[in-house]
Amino acid sequence: MAINTGSFGKALWPGVNKWYGDAYNEWQTEYTDIFTTSTSRKAWEEDMSVSGLGLLVQKGEGQAVSYDTMQQGFLDRYTHAVYALGFIITKELVEDDLYDVVGKKKASALAFSLRQTKEVIGANVLNRAFNTSYTFGDGKELLNSTHPNVAGGTYSNIIATAADLSEASLEQACIDVQGYTNDRGLKIAVKPKKLIVPYTLDFEANKILQTQYEVGTNNNTVNVVRGRFPGGCKLNHYLTDTDAWFMITDVADGMKHFERRADAFTMDDDFDTDNAKFKATARFSFGCTDKRAIYGSQGA
């Protein structure tokens with residue numbers, strides 16, 4: 001599979017004006033809009049939920065205090081996988097390439113592939129958010145209407161009736177997350193942080209978040225969604241569902257990315273063939289711990 005003189009025959013002859021197709025402008029890193037990155041020194045990282053305590057119980061005069069209990073809950077494990085890619089160039093191609101077209105492009109090509117890999121793996125957490133084949137520690141997919149609590153009961157991080165992105169659906173999303181409770185049913189303060197949408201919803205999302213009054217009407221009614229997302233709207237070009245949308249909340253310990261091994265680029269020469277070998281490797285994982293950190297809809 002080595003790249004040889006047959007692979008780049010034109011590189012051996014003068015006359016080529018321009019080699020193209022290997023370098024394009026890239027979108028800025030987008031997975032960082034969704035995930036919080038941490039380093040890891042272990043084969044995997046585990047996050048364990050715990051149940052809290054309930055409300056205080058009225059105590060009568062001379063009566064004993066009521067005692068509650070706590071327990072561990074659901075386990076989410078982040079198993080770091082290794083991703084690698086390389087290529088081989090024959091000694092003859094290195095010697096005879098008049099343009100150094102392969103040599104000059106090797107580092108940038110591998111770096112581009114590595115960056116794209118991280119974006120795809122990260123986006124897949126959302127692309128599989130409604131897929132029952134991809135479940136988390138509580139036995140549910142990322143977005144589900146019946147995420148179980150350890151102490152009993154359930155909570156939902158998905159809109160009740162699947163809806164396209166609109167002013168009304170975002171209003172409902174903001175209402176729903178304000179009703180969140182902890183594992184024992186006590187009220188917790190949760191607010192929207194940012195909106196994550198595919199590029200196909202770019203204009204619709206920004207119309208909703210930037211219009212002062214109701215979108216698409218002549219009503220002199222304030223757009224109450226405007227200003228509710230301090231992190232704004234972030235596009236992700238690696239989302240595969242063109243009408244699914246997601247809201248990141250300010251709940252801690254939510255969407256996580258662990259970097260076990262930093263991006264590494266290495267090269268070596270094969271003693272027997274004199275071929276030059278180049279490779280890029282990285283080891284990382286993406287996932288979600290507290291599902292209250294994300295809310296969404298797969299569209300109507």
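As a starting point, this report considers the structure included with it.

Calculation rules
- Residues numbered from 1 in each chain as written.
- Predicted model: local features only at pLDDT ≥ 70, side-chain atom pairs only at ≥ 80, totals over all residues.
- Heavy atoms only, no water.
- Helix = DSSP H or I, 4+ residues; strand = E, 2+ residues; numbered from the N terminus.
- Contact = heavy atoms within 4.5 Å.
- Phe/Tyr/Trp six-rings, centres within 6.5 Å; stacked < 30°, edge-to-face > 60°.
- Lys NZ or Arg CZ within 6 Å of the ring centre and 35° of its normal.
- Salt bridge = Lys/Arg side-chain N within 4 Å of Asp/Glu carboxyl O.
- Buried < 20%, exposed > 50% of the residue type's maximum accessible area, 1.4 Å probe, protein only.
- Pairing = 2+ DSSP bridges.
- Axes fitted to C-alpha atoms, helices over the stretch in contact; angles between N-to-C directions.
- Lys, Arg positive; Asp, Glu negative; His and termini not counted.
- Core = buried A, V, L, I, M, F, W, Y, C linked by side-chain atoms within 4.5 Å.

By the element assignment, A2 lies in the segment before β1 (36-39). When residues no more than four places from it in sequence are discounted, the contact partners of A2 are S7, I88, T90 and N275.

Counted by the stated rule, this structure contains eight aromatic pairs. Ring geometry for F284 and F286: centres 5.7 Å apart, planes at 80°, overall edge-to-face. Taken together, the ring pairs in this structure connect Y31, F35, Y83, F284 and F286 into an aromatic cluster. Residue placement shows R77 over the ring face of W44; its charged tip is 4.0 Å from the ring centre. Directly above the aromatic system of Y155 lies the positively charged group of R292, at a separation of 4.0 Å from the ring centroid.

For the rest of this paragraph, the subject is the pattern of salt bridges. Here the structure, examined in full by the defined rule, presents ten salt bridges. Here R115 and E26 are joined by a salt bridge, their closest N and O atoms 2.3 Å apart. Separated by 89 residues along the polypeptide, R115 in helix α2 (residues 101-127) and E26 in the segment before β1 bring together distant segments of the chain. Under the relative-accessibility criterion, E26 is labelled partly exposed at 33%.

Here we come to the sheet that holds strand β11 (residues 276-288). Taken in spatial order, the four strands make up an open sheet running β1-β10-β11-β4, and their pairing is mixed. Edge positions in the open sheet fall to β1 and β4 (81-89), since each of these has one partner strand only. Adjacent strand axes in the sheet meet at a mean angle of 30° when their direction is disregarded. In this structure, strand β10 (residues 255-269) lies alongside β11, joined through twelve bridges in antiparallel fashion. Bridge assignment links K256 to a residue of β11, and that residue is G287.

A word on the side chain of R283. Turning to its location among the elements, R283 is positioned in strand β11. Summary of buried charges: R283 has no salt-bridge partner, and the nearest side chain of opposite charge, E45, is 10 Å away.

Before going further, it helps to spend a moment on the nonpolar core. Of all hydrophobic cores here, the largest spans 33 residues; its most connected members are L126, L142, L143, F246, M255 and I294. Elements with a minimum of two residues in this core: β4, α2, β9 (245-249) and β11. Those residues in contact with M255, other than ones at most four positions away along the chain, are I34, F35, T36, V125, L126, L142, I248, G287, C288, A293 and I294. One finds A163, C174, V190 and A205 within the second-largest nonpolar core, a separate group that totals 23 residues.

A word on the environment of L143. By secondary structure assignment, the location of L143 is in the loop between α2 and β5 (147-148). For L143, a relative accessible area of 1% corresponds to the buried category. Taking the C-alpha atoms as reference, L143 lies 9.7 Å from F246; in sequence the two are 103 residues apart. With residues up to four places along the chain from it excluded, the contact list for L143 reads A129, F130, N157, I158, F246, I294, Y295 and G296.

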